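A closer look at the structure
Take a look at the letters that make up each chain.
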Amino acid sequence: MDILEQIIAHKYKEVEERKSLFPTKLLEKSIYFNSDTVSLKKYILREDKSGIIAEIKRKSPSKGTINAHVSIERTSIGYMQAGASALSVLTDTDYFGGKNEDLTTARKFNFCPILRKDFTVDEYQIVEAKSIGADAVLLIAAALDPKRVKELAAFAQSLGLETLLEVHNEDELSASVNEHIDLVGVNNRNLKTFKVSIETSKALAPQIPSDFVKVSESGISDPDTIMDLRAAGFQGFLMGERFMQNSRPEKACARFIESLSQLEKKQYV
């Protein structure tokens with residue numbers, strides 16, 4: 001079993017437990033459930049923003065503990081003040097150290113799109129995402145068959161949530177992309193070896209239909225890489241570890257976006 005298979009097997013069990021503890025009818029009573037969502041797609045395309053989806057994650061299977069004591073309030077506010085386009089919040093507990101309350105805290109202090117970063121395998125999790133204040137959910141092509149991707153994306157759309165489809169190769173892309181998907185993310189990390197290569201994004205960029213917002217995920221560590229990826233057609237950039245390795249992630253994000261801004265100015269001189 002690779003790490004993704006382990007996580008997905010565990011996630012099915014976790015979902016069944018959560019269904020018994022927090023029935024759908026209870027989730028639908030949340031103050032967020034009937035609230036309007038904020039479009040991740042639109043915010044990424046806004047010219048006054050950086051295109052960066054700044055992520056909050058305490059740990060990961062590949063890196064271990066990254067930032068165990070992060071302040072969700074301070075970091076989420078700081079990310080948005082720095083010029084990030086959106087937030088991504090890990091809510092998986094066992095493998096990433098997150099929790100649903102992290103996303104709800106970020107929602108309380110920010111009017112911006114928030115991606116719930118988790119391993120979605122069931123409609124229940126999409127109802128849950130809406131109930132905790134998320135605007136978008138992640139669907140991982142490697143974890144779901146194409147029919148299931150379509151069903152879950154259509155269900156998310158019915159609740160007003162956008163969907164980011166994550167792919168790792170051309171086969172996943174061609175099999176899983178469908179009319180209910182809003183954004184296509186290319187994960188530059190090989191989930192079997194954990195090796196990261198930006199070339200994965202560059203190779204797949206021409207294959208992604210132009211009606212989807214293109215997002216590059218993982219392994220983006222300097223502003224030059226973003227310029228490179230933009231030239232390849234990407235509009236969104238999911239970044240977590242680069243910021244979270246700092247004791248004040250929001251300050252690392254501000255420095256990064258300032259450097260990116262300087263690069264952009266040079267390009268147009």
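Structure first, text after, so check above.
My aim in this report is to walk through the structure given alongside it, one point at a time. Keep in mind the model is a prediction, meaning the values are calculated, not measured. (Residues numbered from 1 in each chain as written. Predicted model: local features only at pLDDT ≥ 70, side-chain atom pairs only at ≥ 80, totals over all residues. Heavy atoms only, no water.)

Counting secondary structure elements, the protein contains twelve helices and ten strands. Counting only residues that meet the buried cut, the protein has 56% of its 269 residues in that class. Counting only contacts in the protein whose residues sit at least 6 apart along the sequence, the fraction spanning at least 24 positions is 68%. Charge-centre separation for the protein: the mean point of 36 positive side chains lies 5 Å from the mean point of 39 negative side chains. (Helix = DSSP H or I, 4+ residues; strand = E, 2+ residues; numbered from the N terminus. Buried < 20%, exposed > 50% of the residue type's maximum accessible area, 1.4 Å probe, protein only. Contact = heavy atoms within 4.5 Å. Lys, Arg positive; Asp, Glu negative; His and termini not counted. Charge placed at Lys NZ, Arg CZ, Asp CG, Glu CD.)

Right, let's get into the pattern of salt bridges. For the structure on display, the rule yields 26 salt bridges. The salt bridge partner of lysine 202 is glutamate 199, with a shortest N-O separation of 3.6 Å. Of this pair, lysine 202 and glutamate 199 both sit in helix α9 (residues 199–204), separated by three residues, roughly a single helical turn. What makes lysine 202 partly exposed here is its relative accessible area of 26%. When salt bridges that share partners are traced, they join Lys11, Glu14, Arg18, Asp92, Arg116, Asp118 and Glu128 into one network. (Salt bridge = Lys/Arg side-chain N within 4 Å of Asp/Glu carboxyl O.)

We now examine the environment of glutamate 250. Mapped onto the elements, glutamate 250 comes out in helix α12 (residues 249–267). Classification of glutamate 250 by relative accessible area gives buried; the value is 6%. Along the chain, glutamate 250 and leucine 26 lie 224 residues apart, while their C-alpha atoms are 34 Å from each other. Of note is the side chain of glutamate 250, whose polar atom sits 3.5 Å from the side chain of arginine 74. A distance of 2.5 Å separates a polar atom in the side chain of glutamate 250 from a polar atom in the side chain of arginine 248. (Polar contact = N/O pair within 3.5 Å; in protein donor to acceptor, adjacent residues only side chain to side chain.)

With that out of the way, let us pick up helix α1 (residues 3–21). It helps to recall that an α-helix has 3.6 residues per turn; residues three or four apart then point in one direction. Given a rise of 1.5 Å per residue, 19 residues ought to cover 27 Å, and the 27 Å separating the end C-alpha atoms of α1 matches this to within 8%. In the core, the buried residues of α1 are packed alongside α6 (123–131) and β6 (136–140). (Expected span 1.5 Å × (residues − 1).)

Our next topic: the sheet that holds strand β1 (residues 52–56). The eight strands lie next to each other as β1-β4-β5-β6-β7-β8-β9-β10, forming a closed barrel whose pairing is parallel. Looking at each pair of strands side by side, their axes are set apart by 25° on average, direction ignored. Both β1 and strand β4 (residues 86–90) contribute to a ladder of four bridges, which runs parallel. Following the sheet pairing, alanine 54 is matched in β4 by leucine 87. Against the sheet, helix α4 (residues 72–82) makes contact with β1 and β4, and its axis sits at roughly 170° relative to β1, the strand it touches most. Contacting β1, β9 (213–217) and β10 (236–239), helix α10 (residues 223–231) runs over the sheet at an angle of about 145° to β10. (Pairing = 2+ DSSP bridges. Axes fitted to C-alpha atoms, helices over the stretch in contact; angles between N-to-C directions.)

For serine 218, which is not glycine, the phi dihedral falls at a positive 80°. Along the chain, the position of serine 218 falls in the loop between β9 and α10. Exposure remark for serine 218: the relative accessible area of 16% places this residue in the buried category.

Counting residues in hydrophobic clusters, the biggest one holds 86 residues, and the most contacted among them are Ile52, Tyr79, Val167, Val215, Ile226 and Phe243. Setting aside chain neighbours within four positions, we find phenylalanine 243 in contact with Ile52, Ala54, Tyr79, Pro249, Ala252, Cys253 and Phe256. (Core = buried A, V, L, I, M, F, W, Y, C linked by side-chain atoms within 4.5 Å.)

Next up on the list: the packing of aromatic side chains. Here the structure, examined in full by the defined rule, presents three aromatic pairs. Grouped by ring-pair contacts, the aromatic residues Tyr79, Phe243 and Phe256 constitute a single cluster. Stacked on the ring of tyrosine 43, the Lys or Arg arginine 46 has its end atom at 4.6 Å from the ring centre. (Phe/Tyr/Trp six-rings, centres within 6.5 Å; stacked < 30°, edge-to-face > 60°. Lys NZ or Arg CZ within 6 Å of the ring centre and 35° of its normal.)

This part takes up the packing of α1 against α6. Running from N to C, α1 and α6 cross one another at 60°; their axes reach a closest spacing of 10 Å. Considering the relative orientation of α1 and α6, their crossing is left-handed. Between α1 and α6, the contacting residues are Lys11, Val15, Arg18 and Lys19 on the first element and Tyr124, Gln125 and Glu128 on the second. When grouped by side-chain class, the residues that make up the contact of α1 with α6 number two nonpolar, one polar and four charged. (Left-handed = near helix turned anticlockwise from the far one by under 90°. Nonpolar A, V, L, I, M, F, W, Y, C, P; charged D, E, K, R; others polar.)

Okay, the pairing of β6 next. Extensive coverage of β6 is indicated by the burial of five of its five residues. Because side chains alternate across β6, one face comprises the buried residues Ala136, Leu138 and Ile140, and the other comprises Val137 and Leu139, equally buried. Of the strand pairs in this sheet, strand β5 (residues 114–117) and β6 are connected by two bridges, and their pairing is parallel. What sits directly across from arginine 116, in β6, is valine 137. Regarding the hand of the β-α-β motif, the stretch spanning β5, α6 and β6 is right-handed. (Right-handed = clockwise from strand over helix to strand, strands pointing away.)

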